[in-house]
Amino acid sequence: MLVGGMGPDGAGRLFCVEMPTGKKQTMSLPKKVVDLPLDCPEDFPLCVNAHNGLVYVLSRYGVFSIFDVQTVTMLHREKISEYFFVACPHSEGGVLGVTIEGKVLRAHIDVSGLIFNIKSSNPSFALTLAGQTAIPEAVEMYRQHLQSLTSKGDITGAIDLALSAPHYCLRTIDTVKQLQGFPQIPGQSSPLMVYLNKILEEDKLNKVEGIELANIVLLKQGGAALLAELFRKKKIEASEELADKVEPLDTDLALSFYAEAKCHTKAVQLQIQRQQFSKALSYITSATGSWSPDVAEILTKLIATNADGASEFALLVHKEAKGKLLIEPAQVVGLFLDRGCVKQATGYLLAILTSDREQDAELQTKLFEMNLLHSSAQVVEALFTQGKFTKFDCKKIATLCEKAGLYLRALKLNCKSHLKEGSNMQAVERCGVNAAQTAPQWLPEIVKILQPEDAMSLIRALVSGAPRLNAPICADAIIPQLKKLPKDEIIELFCEFKAYAPLFSILAKILPDANDEKTHTTYIECALKTGQTTEIEAITRTSDHYDPTTVLTLLNEVRLSDPWPYINVCDKHKMWESMVGYLMGTRNLRYLDLYVTSKQPDNTPNVIGALLDAGADDDYIISLINKVHDIPIGETISAVEKRGKITMILPWMEATIQKGSKDEVLVTTLAKQYIDNARQNAKEFLEDHKGDYNSKEVGAYAESKSPELALVAYETGANDEEVLRLAADNKMYNELAGYLLKRQDLPLWNTVLSREDKKEIVDSLITYAIPRVADPTEISVAVKAFTQAGMPGQLTAILEKLILGDENSPFSQNRYLQNLLLLTVIQTEPSKAMAYIQRMDKYDIDEMAAIALKKGLNEEALEIYKRPGGEAKAMHVLLETVKDIERAKKLAERTNSKECWGLLGKALLKDHNTIKEALISLTKAEDATQVREAVDAVAKSDEITHYEALVTFLETSRKAATDGNISFLSFADTELAYSLAKCGNLTKLSQFLADSNLANLTKAGDRCYKQGLYEAARVLFTAEHNHPKLASTLLHLKQYLEALDAAQKAGSIRTWKEVCFECVNVGELRLAQMAAQHIIVAPEELDGLCQYFEAAGKVEELQSLLKTGLANERTHIGMYTQLGLLLTRHSSEKVMDFLKMCCGKMNRVEMLRACEVQHLWGEARYLHTYNEAWDSALSVMLDHPSTSWTHEVFKESCGKATVIDHIYSGISLYMTCHPDLLSDFLFSISNRVNPERVVLAVQRHNNVGLIVEWLKTVQKINSKTVNEAINEVYIEEEDYEALRDSLSSYTNFDRQNLCTSLSTHPLMELRRVASWIHAQSGKHSSAIETALEDKLYQDAIQYALESGDSKTVSELLNTFMDNGLHECFAATLYTCYEIAEPDVAIELAWKHKNSDIVMPYVVQVLKELWDSRCSCKKK
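Here the structure is a predicted model, which means the values were calculated and not measured.

Comments concerning the packing of helix α27 (residues 517-530) against helix α28 (residues 533-542)
- Where α27 contacts α28, the axes come no closer than 9 Å and their chain directions differ by 160°. Compared by their axis directions, α27 and α28 come out roughly antiparallel. For the crossing formed where α27 meets α28, the hand is left-handed. Taken together, the residues of α28 that come into contact with α27 (itself represented by His520, Tyr523, Ile524, Ala527 and Leu528) are Glu535, Ile536, Ile539 and Thr540.

Digging into the packing of aromatic side chains
- One pass over the structure, following the stated rule, counts 14 aromatic pairs.
- Geometrically, the ring pair formed by Tyr566 and Tyr582 is stacked, given 3.8 Å between the ring centres and 5° between the ring planes. One end of the pair, Tyr566, is in helix α30 (residues 564-572); the other, Tyr582, is in helix α31 (residues 576-585), with 16 residues separating them in the sequence. Assigned by exposure class, Tyr566 and Tyr582 land together as buried.
- Here Tyr1337 and Phe1360 contribute two aromatic rings whose centre-to-centre distance is 5.9 Å and whose plane-to-plane angle is 80°, an arrangement assigned as edge-to-face.

Observations regarding the side chain of His1116
- Tracing the chain through its elements places His1116 in the loop between α66 (1099-1109) and α67 (1117-1130).
- For His1116, the residues in contact, after removing those within four places along its chain, are Ile1080, Val1081, Ala1082, Pro1083 and Leu1086.

Structural notes on the pairing of strand β8 (residues 84-89)
- Of the pairings in the sheet, the one linking β8 to strand β9 (residues 95-99) comprises five bridges and is antiparallel in character. Paired with Val86 across the two strands is Val98, which belongs to β9.
- The hairpin formed by β8 and β9 contains five residues between the paired strands, and Gly93 there has a positive phi angle of roughly 105°.

Here's the deal with the sheet that holds strand β10 (residues 104-107)
- Spatially, three strands are ordered β8-β9-β10 in an open sheet, and the strand pairing comes out antiparallel. Both edges of this open sheet fall to β8 and β10, since each of them pairs with a single strand only. Each adjacent strand pair in this sheet contributes to an overall mean axis angle of 25°, direction not counted.
- Alignment of β9 against β10, held across four bridges, turns out to be antiparallel. Along β10, the bridge assignment pairs Val98 with Val104.

Notes on the confidence of the model for the protein
- Residues at a pLDDT of 70 or more form 88% of the protein, whose mean pLDDT is 78.
- Note on residues 22-26: pLDDT is under 50 here. Beyond four places in sequence and across chains, it has two contacts.

What to know about the environment of Asp927
- With respect to the helices, strands and loops of the structure, Asp927 is situated in the loop between α54 (915-925) and α55 (931-941).
- Considering only alpha carbons, one finds Asp927 and Trp901, 26 residues apart in sequence, at a separation of 8.9 Å.
- Sequence-distant contacts of Asp927, defined by excluding residues within four places in its chain, comprise Gly902, Leu922, Phe953 and Ser957.

What to know about empty space enclosed by the protein
- Within the structure shown, the criterion is met by two cavities of 30 Å³ or more.
- For the largest cavity, the calculated volume is near 40 Å³.
- Lining the largest cavity are Leu555, Leu560, Asp562, Pro563, Pro565, Tyr566 and Tyr582.
- A breakdown of the residues in the lining of the largest cavity according to their chemical character gives six nonpolar, no polar and one charged.

Parameters at a glance
Residues numbered from 1 in each chain as written. Predicted model: local features only at pLDDT ≥ 70, side-chain atom pairs only at ≥ 80, totals over all residues. Heavy atoms only, no water. Axes fitted to C-alpha atoms, helices over the stretch in contact; angles between N-to-C directions. Helix = DSSP H or I, 4+ residues; strand = E, 2+ residues; numbered from the N terminus. Parallel < 35°, antiparallel > 145°, perpendicular 65-115°, else oblique. Left-handed = near helix turned anticlockwise from the far one by under 90°. Contact = heavy atoms within 4.5 Å. Phe/Tyr/Trp six-rings, centres within 6.5 Å; stacked < 30°, edge-to-face > 60°. Buried < 20%, exposed > 50% of the residue type's maximum accessible area, 1.4 Å probe, protein only. Pairing = 2+ DSSP bridges. pLDDT = per-residue confidence, 0-100. 1 Å grid on protein atoms, 1.4 Å probe; cavity = no way out; pocket = protein on both sides within 12 Å on 5 of 7 lines; lining within 4 Å. Points joined across faces, edges and corners; volume = space filled by probe spheres on them. Nonpolar A, V, L, I, M, F, W, Y, C, P; charged D, E, K, R; others polar.

Now the structure itself:
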């Protein structure tokens, strides 16, 4: 446990105490307390971290110390910063802290360097430290120390070192061999056993140590038991070699070792050998890792010997799979079928296919397929009957079922396949026709599952094949599926084959829901064809959807005894002429009486009309009318009148009227008959039956016969147009005037008063109608009508007489009538308006004055406004309408009204020449509402005299504004301050500012600043304490030092920039740099500052400024970046050194962009590698190798790049510029490239020899491209031995091309290689031919032997004998003795008369024949 803190004396302390952990309860290190080297009493430890044997301590004030954890000895101390705000341990060693400036620092140490420095002075401590820190060099250091101990013979020390070395780095085979090399002292254990026993006391033996222990103990009795005990206690690590050694002695222990060492294949083989299948499977299923047993091979062997056992094992494998199949079921079935074990395969599939799943479709298909091919139909049908499987390949199984004669099963499966995949309808139809002969009951089910178009296709195939037999069957199948099948197609199909009875049964089901004409018509036709008379009557009566013409045609053809179907059709479709004609023609008029009296009395008018058209007897017609009780009167009269027979029913009409009927047609027709007959009671009839007849029709009918009766008829119906026309035509104006007043209809009045004869109408109205009117409402409507008609003369006369004619008249004081009269006069006779204004006093002043002004009667309007309270309005008229300023001034002086003064001032304010007078008027008015307008007017004129007058007005307005409007007071005070500044009265301005005010001094100051009133602006900004704007003002006054002081108070970057830039412009560089020091600490402003300095040509000053800023506590990344950018543009030779010093502190992306712009490619490459952007670094080096490429950096970048194409581009670079380094480059990136692409890239430069050494290392992949490239090098160098070795080891190359190339080579050894390739390729004849050409007879004989072909040997023997090569002939016989044909050899020797050469061979052959004969005799 490590604790950093403060001691009682205030000094820093580090407390180190070892704590018990896990099994280790004894403490080996004493408690230690050491002083921390702190710089000041206020400092204290902020963070302590122990990592890999080192203790890191960071104090508040930046003192970083490093101690050894074992001895608590200080190894290093350094002050790394002024002050740390917070710190924490780093997971990889050291301490992570945040400084008060906001920087994040990590303090740690290079352990390797530290160990290297202390290695020479304190090697033991260096070794201990290396072991604690686990640096890469630690292993080598421990090995060297172990070597040193063993060379000195220090066995104990060597063992202790090997056991204490970190990470078990010395527990290797090398250590074991070194301990084995020590001689054993008699009576004592060997050093190796001492070593192993010590390990077993505290740890377990690794693989190497376990094998060595086994080598020792297995030689003794009970050795296996000892190993088993150690394994049980987990004191020994299992391995395959250890298991191999144990297996002969203890198979169970060997199995445990195999399992622990993950040698699963050997473990399973051992179980199989012992016939323990369950245990083997249990082992297979419990195995973990990447091992995958070859269960297929195990099953294959079992099937060959025990098919039933194999089936049991396969089921066991499948049952115990637990989601991980060791072998696919399809593969198992294949293995059984390969051996013809259909029964076992079927049983296996039935056992594993426990549910109907989509993923088992292939297995289900296989189950049916193999039984259809190899079993009986009963077995297959049993499988189908179970219904367990539905996911198999229906199309495939259907084909097999059809071949097996199972047509119904094939049909169902084809249907299912067609529904799933489509394009199988031909098979469905074919199977359907075949199945219909044996089992017709299947069709409803098939039609149900098929799509409509497919079902119809099948039905058509059946019906067309045998209409009489199949049509009823199809009808039974269609009826349940009528909702989905196309009924039109069904109807056409059955009609085509005249299957009316089945179609009638189908249509009977369709009809209730069908609304189309075709269905109903066809149904009626089928009913007629099949004699369904009752159904015909019902359907013709109830249906509204059949074709009446077609049905009537069919009925006319059949001529039923019952005419009601015909009547129903005619009734439904209003075919009265057809009905009457049919019934008259068939002498069945009694049915017509029944029809109109009982069934459809409403259709009596239509029947009467048809009878009249057909020439029926009048008496019969009248009797028929009288029989109908609820006869439609109007329709009947219209039907008779239309045919000119109205007098025939006149008595019936009068009788109907007397019964109280008010039917309009009846009354209208009778009224016309009375007018025609000039009845005396015609007028009385018209008046008594007002509203019961059609007034327009009767009036129009009566106009030519009696205008008076026509007018009576029109008036009863309020037919205005007809009344006006009739009155005008007959000069009936008095009657018309009376009608107009009674109607009280304003639109009608407008119509009448717009006519040409309106004078006659008005005269009749005045002289005749109005005197007779008692209702005031009628007069009111008439006045409105005259007003709207634009007849003011007549209206004026009427109104004047009503209002002024009699003082006692109730209309004389009516305000509405006075307004109307005055309005009418103003609009029509404006010259009389003044007189009426003076005579009346009840009119509306404002309204009438406005109307007068609108008509241009200004004086009349002023006369109206003379009434009390109208002075201000009169001022408005003078100023805005009359525009007489002088009269307005006189009015204001006369009334001395503040309102009038205000209006006058407001008007004067609009004229530039009268602004001063306007301000005086407004001051008299004490009108603070015009302050803003006054300010705007003065601002536009911009005259000092106006500002002086404005000051007075504003002072008055401030006093008058008592409502406490803060916004107004602020505006007024602001304008007053600005006006004083504008007048140059700074003294009064200062006094004003000293007093209480609400002025917006910033706004006033800004206005002064914009107009160049800098002294006034200085006063205002000073009073406001607006230091930023004060600084700007002082710059204009050339007071730069004071401006710098104002900027200091402002503390604004914007102000500092303004002061800085202005100082740069005027050459005050010292002050500019002082200001810039406050700007560069803001990262967002630094770029603009640098641009300004550069544009001004102050590069050196800018560099000095930035370098000075780097020492500032507020240094940020932008300063380093801008300094780097500046160096790239003006001092490129310094960029690389600057990058190496400060690369991690700048914006490297921006710096990289600048380097690319300035073509500093070496620096750009350095930045890419620093950023670990290896691909970008490679791109730079490839594009600009002369300035950026270095061999080591390029190798490193290629090893870490992600874009592999850069590596291949690098190969071209090396081939062009540095071919001597290419091989080294390829060795460094061997694991990242494709050797074939490398070869192709190098071949483009025709110099593969440069990389031959590298190619040898990658040739193990046996690539064709690589092999051929290296072979070409060998050929070019004529190194035939290396070539043969290469061809023997790596066989992936183009043999034909290589043989063709080598066969013509001048070097014989290479041609010999060509013949060898032929032989290796199995082309022994070509190999022998090539060898013979070069007289390599021994090679030819060897190739003949390798061929194993007697014919080839015979040809070679023939060649040798023909060329007189008898020795070669004999050598061939002895070499190829087993395959040479004796008859050929003897024949050749005899033909060439050299039997001696073959005689030894013949003797040997005869000897073998004799031995074989003797052997056969013995048997």
